[in-house]
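In case you want the letters, here they are:
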Amino acid sequence: MRQELEQAMELVQQGEVAETAKAVERIKALPRDEQGVFDLRDMEDATEIKRMLYPVYAAYETDCNKKEGYPDILRQMRVMDARLQEGYDMVEAALYMDMSLRTLMYMSQEIYECYRELMDLYKKNVHRFIQEFYGEGKIRPGAVPTSLAEVLFVGNLMLACKKYVLLAEKYEIYYEFMNAAGTDCAEKE
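Residues numbered from 1 in each chain as written. Predicted model: local features only at pLDDT ≥ 70, side-chain atom pairs only at ≥ 80, totals over all residues. Heavy atoms only, no water.

Colleague: I tried to follow the overall build of the chain on my own but got confused; where do I start?
Modeller: Secondary structure summary: the chain contains eight helices and zero strands in total. Ordered by position from N to C terminus, the α and β elements of the chain give α-α-α-α-α-α-α-α. Looking at the chain as a whole, 48% of its 189 residues are labelled buried. Of all intrachain contacts in the chain linking residues separated by at least 6 positions in sequence, the fraction that spans at least 24 positions is 68%. Carbon and sulfur atoms make up 48% of the accessible area of the chain, which totals about 10,000 Å². (Helix = DSSP H or I, 4+ residues; strand = E, 2+ residues; numbered from the N terminus. Buried < 20%, exposed > 50% of the residue type's maximum accessible area, 1.4 Å probe, protein only. Contact = heavy atoms within 4.5 Å. Areas by Shrake-Rupley, 256 points an atom, 1.4 Å probe, with all protein chains shown as cover.)

What follows is the structure, given as structure tokens:
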């Protein structure tokens, strides 16, 4: 499934969303857990699959299916957010924010309620992540990311600023933090 999603994601990025129909059919046919979220536990690379699955699903729904799947996407995002909030973990939070931002990038603002709800979930987690792991939200000058979760989080923040989901001026210190690591995750859209 991972290879199929990688190909579908490439097609989405090239603007050929209609070509992803078979992948989206497979996505919609995936088993679901008791709360209606796609159950990927038995899949190898489930984390990477999840990070590609929701953006591909959203892009298809936006361009080819009259946005009819938006309620399903939002229902799943709410459940995943609630699960995350129960035991807030740096890695899981960074992965959830990456997945939700990349999904948001393919959702239409025309369906404002859905777009806004996902944006609010994303922003809520950005604020909580900063509060939980950086105290007052300040990173000491000269500090560098010490974990893959931090690199993913800061790269994701940079992408959110680039896509105007967040105000770049408010998160300038994180750009310096990322540059100190010599990495720029924001370039990988």
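Once you've had a look at it, read on.
Colleague: Can you help me understand the environment of Asp33 in this one?
Modeller: Along the polypeptide, Asp33 turns up in the loop between α2 (21-28) and α3 (46-64). Among all residues touching Asp33, those that are not within four sequence positions of it are Asp39 and Arg83. At a separation of 2.5 Å, a polar atom in the side chain of Asp33 contacts the side chain of Arg83. (Polar contact = N/O pair within 3.5 Å; in protein donor to acceptor, adjacent residues only side chain to side chain.)

Colleague: Honestly, the packing of helix α5 (residues 90-104) against helix α6 (residues 112-134) in this entry has me stumped. Any pointers?
Modeller: The angle between the axes and the distance between the axes are what describe a pair of packed helices. The interhelical angle for the contact between α5 and α6, taken along N-to-C directions, is 155°, at an axis separation of 10 Å. Viewed along their axes, α5 and α6 adopt a mutual orientation that is roughly antiparallel. Note that α5 runs across α6; the crossing there is left-handed. Residues Met90, Ala93, Ala94, Tyr96, Met97, Ser100, Leu101, Thr103 and Leu104 of α5 touch α6, and the partners they reach there are Tyr115, Leu118, Met119, Leu121, Tyr122, Asn125, Val126, Phe129 and Phe133. (Axes fitted to C-alpha atoms, helices over the stretch in contact; angles between N-to-C directions. Parallel < 35°, antiparallel > 145°, perpendicular 65-115°, else oblique. Left-handed = near helix turned anticlockwise from the far one by under 90°.)

Colleague: Is there a simple way to explain the packing of aromatic side chains in this structure?
Modeller: Pairs of aromatic rings are described using the distance from one ring centre to the other and the angle between the two planes. Overall, the coordinates contain five aromatic pairs when judged by the stated rule. With centroids separated by 5.7 Å and ring planes inclined at 40°, the aromatic side chains of Phe38 and Tyr54 adopt a geometry described as tilted. On the criterion of sequence distance, the pair formed by Phe38 in the loop between α2 and α3 and Tyr54 in helix α3 is long-range, its members being 16 residues apart. Given a relative accessible area of 1%, Tyr54 falls into the buried group. Taking 6.1 Å as the distance between ring centres and 20° as the angle between the ring planes, the aromatic pair formed by Tyr88 and Phe133 counts as stacked. With Tyr88 in the loop between α4 (70-86) and α5 and Phe133 in helix α6, the pair connects residues that are 45 residues apart, well separated along the chain. Here a set of aromatic residues connected by ring pairs shows up, and it is made of Tyr88, Phe129, Phe133 and Phe153. (Phe/Tyr/Trp six-rings, centres within 6.5 Å; stacked < 30°, edge-to-face > 60°.)

Colleague: Please clarify how α5 should be interpreted in this entry.
Modeller: Every α-helix carries 3.6 residues per turn, so stepping three or four residues along brings you back to the same face. With 15 residues, α5 ought to run about 21 Å at 1.5 Å a step, and its terminal C-alpha atoms sit 21 Å apart, in line with that. Within α5, 13 of the 15 residues are buried, leaving the element largely enclosed by the surrounding structure. (Expected span 1.5 Å × (residues − 1).)

Colleague: How should I be thinking about helix α1 (residues 2-13) in this particular structure?
Modeller: The end-to-end C-alpha distance of α1 is 16 Å, a good match for the 16 Å that 12 residues give at a rise of 1.5 Å each. Those residues of α1 lying buried are Leu5, Ala8, Met9 and Val12. Axial view of α1: buried residues confined to an arc of 105°, hence all on one face. The secondary structure elements touched by the buried residues of α1 are α2 and α3. (Arc of directions from axis to C-beta.)

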